[in-house]
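Tertiary structure, described
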Amino acid sequence: MASALTVAAGALPTRASFQGRALRKSNGQRAPARTGACRRATRAAIADPPAGLEAGSASDAIPATVGTGRKKVVVLGSGWGAISFVKSLQSSSPYDVVLISPRNYFLYTPLLPGAATGAVEERSIVEPIRRPIAAKGYKYYEAACVDVNARAKTVTCRAADASFDKPGGDQSKEAWQTFDVAYDYLVTSVGAVPNTFGVPGVQENCMFFKEIVHATKFRYEVNERFERATLPNVPDETLKQLLSFVVIGAGPTGVELAAELYDMVNEDIARLYPRRLLPFVSIKIIDLQEKILSAYDRRIAEYATDFFQRAKIECLLGKGVNEVRTDVVVLTDNKTKEVVEVPFGIAVWCTGTKLNPLCEKIMAALPAGAQTNQRSLTTDKTLRVKGSSGTIFALGDCATIERPRSMNKAMDLYRFAAKFDSNGVCNLDLGTMDVDDVCYLDLGIAEIKGALSRGVEEFPHLEEVINNIDDKFAAYANPDTGKCSFEGFQKMLTEVDNGLRALPATAQVAKQEGEFLADFFIGCDGDAEALAGDASKFDYVHKGSLAYIGKNAAVADIPGFTIVKGFAAGIIWKGFETISQVSIRNIFLVAADMVRTKIFGRDISRFNN
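Residues numbered from 1 in each chain as written. Predicted model: local features only at pLDDT ≥ 70, side-chain atom pairs only at ≥ 80, totals over all residues. Heavy atoms only, no water.

Some words on the nonpolar core
- Among the nonpolar cores identified, the biggest contains 105 residues, and F85, I125, F226, F308 and F521 are the most heavily contacted of them.
- Excluding residues within four positions of it along the chain, I125 makes contact with F106, L107, Y108, L111, L112, A115, V120, I212, Q581, N586 and V590.
- Among the nonpolar cores identified, the runner-up in size contains 28 residues, and A143, V148, V155 and C359 belong to it. (Core = buried A, V, L, I, M, F, W, Y, C linked by side-chain atoms within 4.5 Å. Buried < 20%, exposed > 50% of the residue type's maximum accessible area, 1.4 Å probe, protein only. Contact = heavy atoms within 4.5 Å.)

Next comes the structure, spelled out in structure tokens:
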């Protein structure tokens, strides 16, 4: 799970005293406005609020769902968002739910690295999707959605494996394999797909690590390589190549995969295979950042990096991947620009995701200008996809909640702070002042803090600036006058807006979104007007971050409590990942696997792939 910073809103607006300078004029004429006074800042981390969101003509608009009574809800996907929505939605609610996914199971992704090395079994971390579907009386189709007609409110689907009963043939042309499903509301939770960032050779020479099939393939190949290495007369150079493992990406997934592989080698391979092989085993992790787990608290990142280095897991940090060849990763050092080649037997790509192709089709089905963020579907605070007239919702990795930008209200906030004298009395009539006039009022730290406090309710991220007002004010105020101009205030807001981050692409975000949306649907009780209203909004509550780092140790960042590292955090990690399974069945299976691995070791049997 990746960490995220959430800032609580709720600070009350405060009045500020006015101590600004007189308006600066020249020859009785108003001074020209400062360059860039009203310039809009851009932000890459989240979607900018689209200008003219419903820019299309009336004929382009998506027809809204109307009326009360039972509504048909189609859910796309079987990941965290979808399973949380389905399990949280009451069967007595007036909705007919159809879930469509080519994958007929839910995968507990945080334990995927454990499944890749045999610490837990693959089937222990999957739950058949038909269990919750049958329990609620809903429908499920094992099919892939291939197109969305937003105006007609239909999705076009195709059987997930159209040729399973005709080896070597293609049955997809048969009419019954493709079908349409109508909906009143569409809930999209299809996740994201791996992003190679255009690096040559990744697709051809790396394994990805996102699905259970990837973990199964990794486990098969690791076991096969150690079996090959035990054959007589294997040259040393071949042994080095066979037993060199490279993980690209030092986020939670990459770190946990490297840690689980390290445990497997030192706990099972060392015990069951000839010890002469151990000097040839190499585990490397590569990342662009200077620390592993760089998105976590700095103390955690430093501890984890040091832990890996002491465990002889080679950390190639601050290096970008130029190319992946058949058996070599080509890297460039960020600082020295030195190019190095890192040989490997297996390379696993664990970094970056991009927009699911289905979401691109949804974007294309919406009015022009409705979606300006090309990395994910932009939604409002109730998870409704912008431009869909409230008929399409999006959850998890495929969605980004639109955040308001405080820069859009910079002038209003500044005018508010400038109105009041030191006694809080409004003696200035700024109602008739235009932008140029207000731009030339300089304010002190109290006034700037008042302006920020005024905007906290609408822009919660401003509270972080208020909490560090001394440093922020010093950075943008004139050191000679001790006051801040409107241009400096704009730069301050631009910085905090640019620092806004989309919610992390983690299981807990998607889970909370699914639960929120189910509660929202339940509360609306099938009323289309309520479902299109603004009575509710999603607020993410970060419950902490965990990551396993090997040798029964972990790191844990628990908000409001403390940071835990080492063996104690390892116990927390194992307990949390066990009880967080989606069913009692999975809890027992995972617990049994962990006990079995501790007592008997990992099962290194290799079945034909």
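Some details on the sheet that holds strand β18 (residues 339-343)
- Taken in spatial order, the three strands of this open sheet run β16-β17-β18, and their pairing is antiparallel. Every interior strand has two partners, whereas the edge strands, β16 (319-324) and β18, have only one. Here the strands of the sheet are splayed against their neighbours by 30° on average, with no regard to which way each runs. (Pairing = 2+ DSSP bridges. Helix = DSSP H or I, 4+ residues; strand = E, 2+ residues; numbered from the N terminus. Axes fitted to C-alpha atoms, helices over the stretch in contact; angles between N-to-C directions.)

Thoughts on the confidence of the model for the chain
- With 83% of its residues at a pLDDT of 70 or more, the chain has an overall mean of 84.
- Confidence over residues 1-58 falls short of pLDDT 50; this stretch has 145 contacts with residues more than four positions distant or in other chains. (pLDDT = per-residue confidence, 0-100.)

Regarding the pairing of strand β17 (residues 328-333)
- Of all the six residues making up β17, six are buried; the element is thus mostly covered by neighbouring parts of the structure.
- Taking every second residue as pointing to the same face, both faces of β17 are buried, with V328, V330 and T332 on one and V329, L331 and D333 on the other.
- In terms of strand pairing, β16 meets β17 through five bridges, oriented antiparallel. Note on β17: the bridge partner recorded for V324 is V329.
- Where β17 and β18 come together, five bridges link them in antiparallel fashion. Looking at the pairing, L331 lines up with V340 of β18.

Digging into the side chain of R103
- Relative to the assigned elements, R103 resides in the loop between β4 (95-101) and β5 (105-107).
- If sequence neighbours within four positions are ignored, R103 has contacts with S78, G79, Y140 and E211.

Let's talk about helix α18 (residues 567-579)
- The terminal C-alpha atoms of α18, which comprises 13 residues, lie 19 Å apart, in line with the 18 Å expected from a rise of 1.5 Å per residue.
- Within α18, burial applies to A569, G570, W573, E577 and T578. Along the axis of α18, the buried residues cluster in a sector spanning 165°; they form a single face.
- Looking at the buried positions of α18, the neighbouring elements they touch are α7 (252-272), β24 (545-550), β25 (553-558), β26 (562-566) and α19 (584-600). (Expected span 1.5 Å × (residues − 1). Arc of directions from axis to C-beta.)

Quick word on the environment of Y185
- Secondary-structure assignment places Y185 in strand β10 (residues 185-188).
- Look at Y185 and you get buried, because its relative accessible area is 2%.
- Considering only alpha carbons, one finds Y185 and I392, 207 residues apart in sequence, at a separation of 5.7 Å.
- The contacts of Y185, once residues within four sequence positions are left out, are T65, K71, K72, V73, V74, G390, T391, F393, F521, A528 and L531.

Some words on the sheet that holds β26
- The three strands are arranged β24-β25-β26 in an open sheet whose pairing can be described as antiparallel. Looking at the sheet topology across the chains shown, the edges are occupied by β24 and β26. Strand after strand, the sheet turns through a mean of 10° between neighbouring axes, direction not considered.
- Sheet topology note: the β24/β25 ladder contains five bridges and is antiparallel.

Some remarks on the side chain of D380
- Position of D380 relative to the elements: it lies in the loop between β21 (377-379) and β22 (392-394).
- Classification of D380 as buried rests on a relative accessible area of 15%.

Thoughts on the packing of helix α1 (residues 80-88) against helix α16 (residues 507-524)
- Orientation of α1 relative to α16, taken along the N-to-C sense of each, is 35°, at an axis distance of 7 Å. Crossing geometry of α1 relative to α16 is assigned as right-handed. Contacts from W80, G81, S84, F85 and S88 of α1 reach α16 at A507, A510, K511, G514, E515, L517, A518, F521 and I522. (Left-handed = near helix turned anticlockwise from the far one by under 90°.)

Observations regarding the packing of aromatic side chains
- Summed over all chains, the structure comprises 16 aromatic pairs.
- Summarising the aromatic geometry, the rings of W80 and F106 are spaced 4.9 Å apart at their centres and angled 90° between planes, so their arrangement reads as edge-to-face. A residue pair is termed long-range when its members are at least 10 positions apart, and W80 in helix α1 and F106 in strand β5 qualify at 26 residues.
- Ring geometry for F226 against F245: centres 6.2 Å apart, planes inclined by 25°, an arrangement best described as stacked. Taken together, the residues F226 in helix α5 (residues 212-229) and F245 in strand β13 (residues 244-248) connect sequence positions 19 residues apart.
- Site record: aromatic cluster; members linked through ring pairs are F85, Y95, Y185, F393, F516, F520, F521 and F538. (Phe/Tyr/Trp six-rings, centres within 6.5 Å; stacked < 30°, edge-to-face > 60°.)

A few points about the pattern of salt bridges
- Considering all chains together, one arrives at 25 salt bridges under this definition.
- Between K240 and E237 there is a salt bridge, and its shortest N-O distance comes to 3.8 Å. With K240 and E237 both in helix α6 (residues 236-242) and three residues apart, this pair spans about one turn of that helix.
- In this structure, K386 engages E402 in a salt bridge whose closest nitrogen and oxygen atoms are separated by 3.8 Å. With K386 in the loop between β21 and β22 and E402 in the loop between β23 (399-401) and α10 (410-418), this residue pair connects regions lying 16 residues apart in the sequence.
- Its relative accessible area of 16% is what places K386 among the buried residues. (Salt bridge = Lys/Arg side-chain N within 4 Å of Asp/Glu carboxyl O.)

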